[in-house]
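Below, each chain spelled out in residue letters.
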Amino acid sequence: MAGLKLVASSYTDSTEEDEKEEEIPSKRIKIFKKLPSVSEAVIKLYTNDDDKNDVSVRANKSRVRSFPHVPGNWATYVYIPVKPQMHLRELLDHLLQQAAAATGAEWHSADEHHVSISRTVVLAHHCIESFTESLRKEIGVESNFVVGFEGVALYRNDGKTRTFLGLRVGVGKRSLLQLTQRADSVMQEFRQRTFYKDPSFHMSFTWTVGEIPAAVEPKLLGTLNVSFQQMALPATKTI
């Protein structure tokens with residue numbers, strides 16, 4: 001079906017490394033029989049592969065949790081997926097290597113690429129279906145539109161535990177802002193935080209733990225933006 005593909009992504013926050021799964025008591029006592037095992041469906045409600053993956057990533061890359069772990073709560077955000085073509089992938093790899101050389105920090109490639117149109121919020125599991133349905137009704141089917149990247153920018157998460165590099169959107173900001181306003185109305189319906197007042201729409205492509213020193217930032221962005229212009233990235237992409 002033609003039209004803009006919007007995704008409401010939900011995933012559980014990972015448990016701490018030193019947390020262990022609680023075992024269901026199986027000791028027999030006088031009157032009560034052995035407790036029945038919990039069904040697989042119930043177990044999957046509170047744990048999934050994202051929990052395991054995040055523990056692994058945090059152990060290897062020192063990621064810091066953004067939300068406290070609460071069973072049954074799911075971190076959720078709304079985004080537009082982007083699939084980079086060969087030329088764009090080559091540019092992103094080159095920019096990542098330059099960032100590592102300029103800062104001495106360990107930069108990690110993004111697992112997937114997208115343009116966010118909402119903050120990351122936390123929803124109870126039972127709210128996910130109604131939240132998704134509200135998004136469908138509010139946004140509907142949107143026609144494709146063109147987005148153009150105009151340069152490299154540096155971003156930090158709200159907790160300032162990670163720093164990101166992203167391609168900043170130039171062409172297409174008005175269309176993205178309209179979608180964001182519709183997503184915000186759904187966030188308000190569910191009493192969640194709305195998007196930033198003056199959003200800088202972007203596609204993150206790499207991240208590192210902590211903050212980059214302020215003295216390094218101007219030179220880093222200058223170098224990366226020169227490479228961005230020299231590699232003659234195609235001006236626009238339809239999403």
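Predicted model only: the values in this text are computed from it and were never measured.

Draft legend 1. Just the confidence of the model for the chain, in detail. Overall, the prediction assigns the chain a mean pLDDT of 78, with 68% of residues at 70 or greater. Taken together, the stretch residues 11-36 has pLDDT below 50 and engages in 38 contacts with residues farther than four places along the chain or on a different chain. Every residue in residues 45-60 is under pLDDT 50, and counting partners more than four places away or in other chains gives 28 contacts.

Draft legend 2. View of the nonpolar core. One finds Phe131, Val152, Leu165, Leu167, Leu176 and Met203 to be the most contacted residues of the largest nonpolar core, which totals 40 residues. It is helix H3 (residues 86-103) that provides the largest number of residues to this core, a total of 6 residues. The residues contacting Met203, other than those within four sequence positions of it, are Val82, Leu88, Leu92, His113, His114, Val115, Phe149, Leu165, Gly166 and Leu167.

Draft legend 3. Fine view of the environment of Tyr196. As for its placement among the helices and strands, Tyr196 is situated in the loop between helix H5 (173-189) and strand S9 (202-209). Between the C-alpha atom of Tyr196 and that of Ile117, which follows or precedes it by 79 residues, the distance is 9.5 Å. Excluding its chain neighbours within four sequence positions, the residues that come into contact with Tyr196 are Arg119 and Asp158. Within the structure, Tyr196 has its side chain in polar contact with the side chain of Asp158 (distance 3.1 Å).

Draft legend 4. Molecular detail of the sheet that holds strand S8 (residues 162-169). Spatial strand order, S3-S9-S8-S7: 4 strands in an open sheet with antiparallel pairing. Each edge of the sheet is formed by a strand with only one pairing partner; in this case those strands are strand S3 (108-109) and strand S7 (149-156). Pairing analysis gives 7 bridges linking S7 to S8, with the strands arranged antiparallel. Considered in S8, the bridge of Phe149 is made with Val169.

Draft legend 5. Region of the structure containing the packing of helix H4 (residues 128-139) against H5. Look at H4 against H5: their axes get within 9 Å of each other, and the N-to-C directions meet at 145 degrees. The interaxial crossing formed by H4 with H5 has right-handed handedness. From H4, Phe131, Ser134, Leu135, Glu138 and Ile139 reach across to H5, where they touch Leu179, Arg182, Ala183, Ser185, Val186, Met187 and Glu189. The residue makeup of the contact of H4 with H5, split by class, is 7 nonpolar, 2 polar and 3 charged.

Calculation notes
- Residues numbered from 1 in each chain as written.
- Predicted model: local features only at pLDDT ≥ 70, side-chain atom pairs only at ≥ 80, totals over all residues.
- Heavy atoms only, no water.
- pLDDT = per-residue confidence, 0-100.
- Contact = heavy atoms within 4.5 Å.
- Core = buried A, V, L, I, M, F, W, Y, C linked by side-chain atoms within 4.5 Å.
- Buried < 20%, exposed > 50% of the residue type's maximum accessible area, 1.4 Å probe, protein only.
- Helix = DSSP H or I, 4+ residues; strand = E, 2+ residues; numbered from the N terminus.
- Polar contact = N/O pair within 3.5 Å; in protein donor to acceptor, adjacent residues only side chain to side chain.
- Pairing = 2+ DSSP bridges.
- Axes fitted to C-alpha atoms, helices over the stretch in contact; angles between N-to-C directions.
- Left-handed = near helix turned anticlockwise from the far one by under 90°.
- Nonpolar A, V, L, I, M, F, W, Y, C, P; charged D, E, K, R; others polar.

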